[in-house]
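# Chain and residue survey
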Amino acid sequence: MNNSQSQPSSVTNNFRVSQQRKQQQQQEHADVCVIGSGAGGAVVAKELAEAGLSVIILEAGENHDPTTFGNYEPEMLRRLFWDSGLRRTRDGAIVISQGKGVGGSTVHNLCYAVRPPQVLLDRWGVPDLSSNFDRVEQTLGVTQIQETDVNRLNAVIRRGCEVMKWRGVVQRHNRGVCPTCGLQCLFGCPLSKSIQDDPKRMGKQSMAVTYIPLALAAGAQLYSNCMAEKIHTEKGRAVGVSAQLPLGELHVQSKVVVLAAGAINSPQLWLKSRLPNLNRRVGTNLHLHPAVFVGGIFNETIDGHLGIPQSYYIDEFLDMEKRSDRGYLLMPAFGSQMIVAASLPGFGEDHRELMERYRHIAALLVLLHDRTRGQVSVNYKGAPNITYRLRRSDKRMLVEGAINAARLLFAAGATEILMPYTQHFPIKTDADLEIIRQRGIVPNDIMMASSHPQGTLRMGDNPHRTVVNFSGESHAVKGLFVADASLFPTSIGVPPTLTIAALAEHIAHQIIESSIL
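Now for a description of the structure that goes with this document. Worth saying up front: this structure is predicted, and the values here are computed from it rather than measured. (Residues numbered from 1 in each chain as written. Predicted model: local features only at pLDDT ≥ 70, side-chain atom pairs only at ≥ 80, totals over all residues. Heavy atoms only, no water.)

What follows is about the pattern of salt bridges. Inspection of every chain in the model, using the stated rule, returns 23 salt bridges. For Lys-46, the salt bridge is made with Glu-47, and the minimal N-O distance between the two is 3.1 Å. Accessibility expressed as a relative area gives 9% for Lys-46, which makes it buried. Judged by its relative accessible area of 11%, Glu-47 is buried. The shortest N-O distance in the salt bridge between Arg-371 and Asp-325 comes to 3.4 Å. On the criterion of sequence distance, the pair formed by Arg-371 in the loop between strand S14 (361-368) and strand S15 (375-378) and Asp-325 in the loop between strand S12 (312-314) and strand S13 (328-333) is long-range, its members being 46 residues apart. (Salt bridge = Lys/Arg side-chain N within 4 Å of Asp/Glu carboxyl O. Buried < 20%, exposed > 50% of the residue type's maximum accessible area, 1.4 Å probe, protein only. Helix = DSSP H or I, 4+ residues; strand = E, 2+ residues; numbered from the N terminus.)

Next up, the structure:
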């Protein structure tokens, strides 16, 4: 009896071991392997798949079901962001928010759909992208934000802007009907639906519900929870990628590799793979769009957590026609109670009293068009080291931006200005703004954030000064293309999603037209 029962168990165990071995070493072949599924990778995958090429997409994060997005912030930070939203520069001075999961940062961003000034693109030397922008905007469902959708927060900011007689505008966005829109937008939109499932475009139109479904419908394959570990080359050509799956390894053999993992992870993987770095430019030229928050307390109720978080912004101080390499945007900003609590100054009773005014706070984000250049390197474990120290001119620009943000909030009716210093310094009059000038921007004294790392694999014609050409192909490795914000030669100055996507479409067409496949 015992012997008769033991044999089936042994056979079952052998079968399981055999299945595990099959899972541990998966092999795939494709024309193109795309690493990353955000604003760049999703577009490349869709364009190439629709052109009839076999495409495999590797994504380190999960393939999210939007209906599972909830309000418990620690869980959503873990699911949607690298390092649970706590990725930082090496000195800890700047928190860098980067999306992790199918759709990348487009799942959590706030849907500004902004084209960069043509003067900047001309300075970069890129070819005409106007038709690429047109097609990308159509696929993403970009529309003008309507006046009825400008919430109280943005209306108050606009009121202050008009008093100051500064230039501001109600922007465009890639968001469909979203009756419950609010700060949950920061943690993914639970109403997002694929354009194939909902032609009316409900909710945020991230890459996860637009380009990725279209890529899959055209035959692309998607591996989520799949960490790319190495790009392989032979005789100076990219020939595939090895990656880690939850239950083993995946080896993709391909004729082309597209690196679209973001401006931190893309150079990290390049360096981990020990790809050629003859000019030592890989990972350099890092721009972060560092930002500081400036809050205002109002006697009126703002309820900034309700409605579309960002619909208006002020570009009075970003005039690229006159100075294309510097300036800043002022953008309405607000956060959940957890985020606001982390941003407010002071401790104990002082901090509690500020939090009690949560519904009466409006804030601006000073988004710097930075000239500072940092670097991404890797440590002995292959993890990224992010080095970035603001140059003096950028510090002065941020101080100027913070003071102007405070002036706007006073003009809108604020009774006190809140700066995210470690200590609470009451700023209640214009004369008190001198506190900001005197204290300045000191690392780890004021909270700074970044959502737009860029520039670490910059494009250009000169192989001695850049990493890839204007087709997105590496100067050093044939068949290796880059299609994310790493390409930017300088800081872009504006929200980058549309530019990444338009460049990615251009690069996809370059791949299709090349003789490499």
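Helix length check: helix H6 (residues 152-164), at 13 residues, gives a terminal C-alpha distance of 19 Å against a target of 18 Å (1.5 Å per residue), a fit within 8%. Listed in full, the buried residues belonging to H6 are Leu-153, Asn-154, Val-156, Ile-157, Arg-158, Gly-160, Cys-161 and Met-164. Among the structural elements, strand S5 (168-170), S12, S13, S14 and helix H11 (392-412) are those in contact with the buried residues of H6. Remark: Lys-165 follows H6 within two positions and exhibits a positive phi of approximately 60°. (Expected span 1.5 Å × (residues − 1). Contact = heavy atoms within 4.5 Å.)

With that settled, consider empty space enclosed by the protein. Tallied over the entire structure, the rule returns two cavities of 30 Å³ or more. As a volume, the largest cavity reaches approximately 50 Å³. Forming the boundary of the largest cavity are Asp-91, Ala-93, Ile-94, Tyr-388, Arg-389, Leu-390, Lys-395, Pro-443 and Met-448. When the residues that make up the lining of the largest cavity are grouped by side-chain class, the tally is six nonpolar, no polar and three charged. Of the volumes computed, that of the second largest cavity is approximately 30 Å³. (1 Å grid on protein atoms, 1.4 Å probe; cavity = no way out; pocket = protein on both sides within 12 Å on 5 of 7 lines; lining within 4 Å. Points joined across faces, edges and corners; volume = space filled by probe spheres on them. Nonpolar A, V, L, I, M, F, W, Y, C, P; charged D, E, K, R; others polar.)

So, on to the packing of helix H2 (residues 41-50) against helix H13 (residues 497-513). At their nearest, the axes of H2 and H13 sit 8 Å apart, and the two run at 35° to each other. Between H2 and H13 lies a crossing whose hand is right-handed. Of the residues in H13, those in contact with Val-43, Val-44, Glu-47 and Leu-48 of H2 are Ala-501, Ala-504, Glu-505, Ala-508, His-509, Ile-511 and Ile-512. Partitioned by chemical class, the residues of the contact of H2 with H13 number eight nonpolar, one polar and two charged. (Axes fitted to C-alpha atoms, helices over the stretch in contact; angles between N-to-C directions. Left-handed = near helix turned anticlockwise from the far one by under 90°.)

What follows concerns the pairing of strand S10 (residues 248-259). Bridge count between strand S1 (residues 25-35) and S10: 10 bridges; the pairing is parallel. Bridge pairing in S10 links Ala-30 to Ser-254. Both strand S9 (residues 237-245) and S10 contribute to a ladder of six bridges, which runs antiparallel. Note that in S10 the partner of Ser-242 across the bridge is His-251. Hairpin connection, S9 to S10: the antiparallel pair is bridged by two residues. Of the pairings in the sheet, the one linking S10 to strand S19 (residues 480-482) comprises three bridges and is parallel in character. Along S19, the bridge assignment pairs Val-258 with Phe-481. (Pairing = 2+ DSSP bridges.)

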